[in-house]
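Descriptive analysis of the structure
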Amino acid sequence: MGSLLEVNSDPRCVTRAEAPVLRYWSPMRAFRDLRRDPLRFFTDAARLGDVVRLQTWFLRAYLVSHPAHIRYVLKDNHRNYRNEDRFNRIFQRAGGDGLLTTDGDSWRRQRRLSQPAFSRERAAEAVSVMSAETAAMLECWAAGAAIGAQVELCREMTRLTLQIAGRAFCGADMSGSADTFADAMAVGFEHFHHRLYNAFTIPERIPTRRNLRFRAASRIAVAFIESVIEPVLGGTEITGGAGEHGDSAANLLALLNGAERAPSERPLTRAQVRDAIITFFGAASESTAVALAWIWYLVATHPEVERRLRREIAAALCGRTPAARDLANLRYTRMVIQEALRLYPPAWMMLRTAIADDEIGGCHVPAGSTLLMSPWVTHRRADLWNDPLRFDPERFSPERSDGRLEYSFVPFGGGPRHCIGEEFAMAEMTLVVAMIAQRFRLRLLPGHQVEPCVVFTMRPRNGVVVTLDPL
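All figures in this text were calculated on a predicted structure; none of them were measured in a lab.

Criteria and cut-off values
- Residues numbered from 1 in each chain as written.
- Predicted model: local features only at pLDDT ≥ 70, side-chain atom pairs only at ≥ 80, totals over all residues.
- Heavy atoms only, no water.
- Salt bridge = Lys/Arg side-chain N within 4 Å of Asp/Glu carboxyl O.
- Helix = DSSP H or I, 4+ residues; strand = E, 2+ residues; numbered from the N terminus.
- Buried < 20%, exposed > 50% of the residue type's maximum accessible area, 1.4 Å probe, protein only.
- Phe/Tyr/Trp six-rings, centres within 6.5 Å; stacked < 30°, edge-to-face > 60°.
- Lys NZ or Arg CZ within 6 Å of the ring centre and 35° of its normal.
- Axes fitted to C-alpha atoms, helices over the stretch in contact; angles between N-to-C directions.
- Parallel < 35°, antiparallel > 145°, perpendicular 65-115°, else oblique.
- Left-handed = near helix turned anticlockwise from the far one by under 90°.
- Contact = heavy atoms within 4.5 Å.
- Nonpolar A, V, L, I, M, F, W, Y, C, P; charged D, E, K, R; others polar.

**Considerations on the pattern of salt bridges**
- Counted by the stated rule, this structure contains 38 salt bridges.
- Across the salt bridge formed by R71 and E406, the nearest N and O atoms sit 2.3 Å from each other. Here R71, found in helix α3 (residues 67-76), pairs with E406, found in the loop between α16 (398-401) and α17 (422-439); they are 335 residues apart in sequence, far enough to count as distant.
- The partly exposed category is assigned to R71, whose relative accessible area is 26%.
- Since its relative accessible area comes to 42%, E406 is described here as partly exposed.
- The salt bridge partner of E226 is R270, with a shortest N-O separation of 2.8 Å. Remark: R270 occurs in helix α12 (residues 270-300) and E226 occurs in helix α10 (residues 209-233); sequence separation between them is 44 residues.
- Salt bridges here are not isolated pairs; linked through shared partners, they connect E226, E230, R270, R274 and D275.

**Remarks on the packing of aromatic side chains**
- In the structure shown here, the tally under the stated rule is 19 aromatic pairs.
- By way of ring pairs, the aromatic residues F118, F169, F181, F224, F280, F281 and F424 are connected into one cluster.
- Against the face of Y344 rests R380, its NZ or CZ located 5.5 Å from the ring centre.
- In this structure, R404 is placed above the aromatic ring of F396, and the distance from its NZ or CZ to the ring centre is 5.3 Å.

**Quick notes on the packing of helix α8 (residues 153-170) against α12**
- It is at 8 Å that the axes of α8 and α12 come closest, and there the two elements cross at 140°. Relative to α12, the element α8 lies oblique. Handedness of the α8/α12 crossing: right-handed. Taking contact as the criterion, the partners of L153, C154, M157, T158, T161, L162, A165, G166, F169 and C170 in α8 are, on α12, I277, F280, F281, A284, S285, T288, A289, L292, A293 and W296.
- In terms of residue class, the contact of α8 with α12 is built from 15 nonpolar, five polar and no charged.

Interpretation in functional terms is not warranted from these geometric data alone.
Set out below in structure tokens:
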């Protein structure tokens, strides 16, 4: 970072109640380093302290990495921290006013209306949808394995999680449109990443190649969501709905459209329903798909973990398709998933804006400051996790989890804005891992390099390419 970087490690900062400062005199240099390797940038910054001030001439942000301080921002004093403004402005252009970008009464209302669709009971009821879609994918894999085909797991898991989300949330069949919608989402995520990590960007109204590509992708995504919500909002019955897969729960779209409300409360507009659905489709499919790709990368590179995982699945299921009641018995499988989420959390950064002046860890935080909390950083702190870079599912056993600081493990965030879909995602990942393990052994393609790459979520750069060995 050279001479343009100044680190304030003056011990007097404690008495002044000021955090250590990582200061860039050039904003272009700051954003360049962020773009090149944001994971390394924040990991290095966190070494200066539990609360570190990141400073350029136009930006003041604080990186908060200790679990107690993360809990304070997300839970204990959450009313003083709203969604980060720049994040909202950029993401709203693609995702609209969904749960990710709203605050206050609008957020509380969406959360209240959506919550019933994501309860533990509803996640269990959706298992039949998950198993049917996963079984269909595995049949396609079997045909490909017979001719030695290779599989790129990010692409396959995105297609699968989109089809599950379509059935479970809206009763919609996405088998013919999942790839198109996934491609549109990928363009939107890349556009979001570009605008967030560049100090100066060309306004979207200017018809550059990048902006035109983003506009086209947005039209595709919105047109698809409109086609999904039309049967309900237009008063006709949804096709391929809950009854087809035995899912008796009201789906998310039906809840948003027909939820009970106070007499003085207006129903959600069509745009509000559309924005809510597109947010859930994007978040549910992208985060879970990326997590599943990382899970199988880690399992494939740790033979002993793979052997133990297969033994548990064989003993618990005896070759049959898992049902909701089986998920609780797949304890080691869940530990494998949790450890993968620790090492490679798809949602690798959380951002908030301070509404009023505050103090965190003895350090003054002025109103308007941006707060950054990175699960990637906190999950790899050596003072919280023994040998933190090692893949060790046993660290999530009850014995070794006892006494661990709350908010040391935050792949789903925390506080009132804790991820609404955690139960659904954990059930989905457990079932998909179990069903894949019953049918195939996944082998990494020799010579294929896998490393993390931040584009909205933390994806594997170049994907995870595997060959399939039928069992």
